[in-house]
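A structural walkthrough
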Amino acid sequence: MNTVERLLLAADDVWKEYNKHPFVMGIQNGDLDKEKFRYYMIQDYLYLEDYAKTFAVGVAKAKSLKIANLFAKYISVMNGELNVHKGYLSRLKVTDEDIKNTPRSLDNLSYTSYMLRVAYEEGEVEILTAILSCAYSYEIIAKNIVKTKPDSINDDFYGDWIKGYASEEYAKDNAILLNELNILTENYTEAQLKHLADIFTSCSRYELAFWEMSWNMSK
């Protein structure tokens with residue numbers, strides 16, 4: 001069992017809940033309340049700002065130019081994702097002023113604070129582990145939606161979101177992260193792997209809380 005497989009096994013119960021969550025089911029069925037999605041998009045935009053900062057710290061913490069370049073590349077990827085969000089935010093009539101005046105929800109703030117703490121206090125491997133639950137779970141969720149309801153990609157509103165995260169391009173970027181994490185941890189001890197599993201599971205739980213927060217539009 002490689003490291004990624006071990007992490008996924010540790011958080012398996014949490015990941016199973018993603019696909020059953022009413023927010024995700026609403027995207028799949030195309031009947032999610034647009035106000036809930038609007039709230040989610042604003043909070044996710046704010047989340048991605050700190051997510052990108054986590055990668056930026058990774059550049060500084062990287063022990064090799066290869067990993068530094070990997071983290072740096074993903075800052076650009078995040079900028080691209082923010083542009084996708086802007087497309088949805090425009091359709092939802094969300095202005096820059098709306099985003100500026102929207103505080104991060106408590107769940108959002110707690111999640112990003114945890115990731116940034118891991119980034120500042122630990123090393124490149126822990127940072128990779130912390131960001132992975134977000135990056136990879138979106139791929140898994142979107143692909144499960146397409147598998148369960150193939151026509152979902154044609155939804156007038158939610159289809160673009162599904163296609164983006166289910167795309168081969170998005171999967172290729174994730175494959176690089178997964179592979180590098182496995183390589184970097186080939187000789188890790190049981191204690192080190194347990195620590196990574198704890199980080200991954202915590203971030204996975206925060207991901208589930210983010211869906212719940214979006215469903216309830218919690219402050």
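One structure accompanies this document, and this report is about it. (Residues numbered from 1 in each chain as written. Predicted model: local features only at pLDDT ≥ 70, side-chain atom pairs only at ≥ 80, totals over all residues. Heavy atoms only, no water.)

Points about the environment of Leu 65
- Structurally, Leu 65 can be placed in helix H5 (residues 65–91).
- With 56 residues separating them in the primary sequence, Leu 65 and Glu 121 have C-alpha atoms 20 Å apart. (Helix = DSSP H or I, 4+ residues; strand = E, 2+ residues; numbered from the N terminus.)

Side note on the packing of aromatic side chains
- Counted under the stated rule, the structure contains 26 aromatic pairs.
- Ring centres of Trp 161 and Trp 211 lie 6.4 Å apart, and the angle between their planes is 75 degrees; on these two criteria the pair is classed as edge-to-face. Here Trp 211 lies in helix H11 (residues 190–216) and Trp 161 lies in helix H9 (residues 159–166), a separation of 50 residues in the sequence. Both residues of the pair, Trp 161 and Trp 211, count as buried.
- Positioned above the aromatic ring of Phe 157 is the side chain of Lys 34, whose terminal nitrogen or guanidinium carbon lies 4.8 Å from the ring centre. (Phe/Tyr/Trp six-rings, centres within 6.5 Å; stacked < 30°, edge-to-face > 60°. Buried < 20%, exposed > 50% of the residue type's maximum accessible area, 1.4 Å probe, protein only. Lys NZ or Arg CZ within 6 Å of the ring centre and 35° of its normal.)

Some remarks on the state of the cysteines
- A complete count under the given rule lists zero disulfides for this structure.
- Between Cys 134, a free cysteine, and Cys 203, which holds the nearest cysteine sulfur, the sulfur-to-sulfur gap is 9.2 Å.
- For Cys 134, a relative accessible area of 8% puts it in the buried group. (Disulfide = S-S within 2.5 Å.)

Points about unusual backbone geometry
- The phi dihedral of Lys 93 falls on the positive side, at around 60 degrees, and the residue is not glycine.
- The backbone phi angle of Met 217 is positive, close to 55 degrees, even though this residue is not glycine.
- Structurally, the position occupied by Met 217 is in the segment after H11.
- For Met 217, a relative accessible area of 31% puts it in the partly exposed group.

Considering the environment of Lys 73
- For Lys 73, the position within the fold is in helix H5.
- Since its relative accessible area comes to 36%, Lys 73 is described here as partly exposed.
- Sequence-wise, Lys 73 and Val 59 are 14 residues apart; in three dimensions their C-alpha atoms are separated by 9.7 Å.
- Leave out the neighbours within four places in its chain, and Lys 73 touches Asp 173 and Ile 176. (Contact = heavy atoms within 4.5 Å.)

Points about the pattern of salt bridges
- Scanning the model with the defined rule gives 14 salt bridges in all.
- As a salt-bridge pair, Glu 49 and Arg 104 come within 3.3 Å of each other at their nearest N and O atoms. In this pair, Glu 49 sits in helix H4 (residues 34–61) while Arg 104 sits in the loop between helix H6 (96–100) and helix H7 (106–121), placing the two residues 55 residues apart along the sequence.
- In this structure Glu 49 comes out as partly exposed when scored by relative accessible area, which is 33%.
- Overall, Arg 104 belongs to the partly exposed group, its relative accessible area being 27%.
- Between Lys 194 and Asp 198 there is a salt bridge, and its shortest N-O distance comes to 3.0 Å. Of this pair, Lys 194 and Asp 198 are both found in helix H11, four residues apart, which corresponds to roughly one turn of the helix.
- Relative accessible area serves as the criterion here: at 45%, Lys 194 is assigned to the partly exposed category. (Salt bridge = Lys/Arg side-chain N within 4 Å of Asp/Glu carboxyl O.)

What to know about empty space enclosed by the protein
- Applying the stated criterion across every chain yields a total of two cavities of 30 Å³ or more.
- The calculated volume of the second largest cavity comes to roughly 30 Å³.
- Around the second largest cavity, the lining residues are Asp 44, Tyr 47, Tyr 111, Cys 134, Tyr 138, Glu 207 and Phe 210.
- Counting only elements with at least two residues in the lining of the second largest cavity, the list comes to H4, helix H8 (124–148) and H11.
- Looking at the lining of the second largest cavity residue by residue, the class counts come to five nonpolar, no polar and two charged. (1 Å grid on protein atoms, 1.4 Å probe; cavity = no way out; pocket = protein on both sides within 12 Å on 5 of 7 lines; lining within 4 Å. Points joined across faces, edges and corners; volume = space filled by probe spheres on them. Nonpolar A, V, L, I, M, F, W, Y, C, P; charged D, E, K, R; others polar.)

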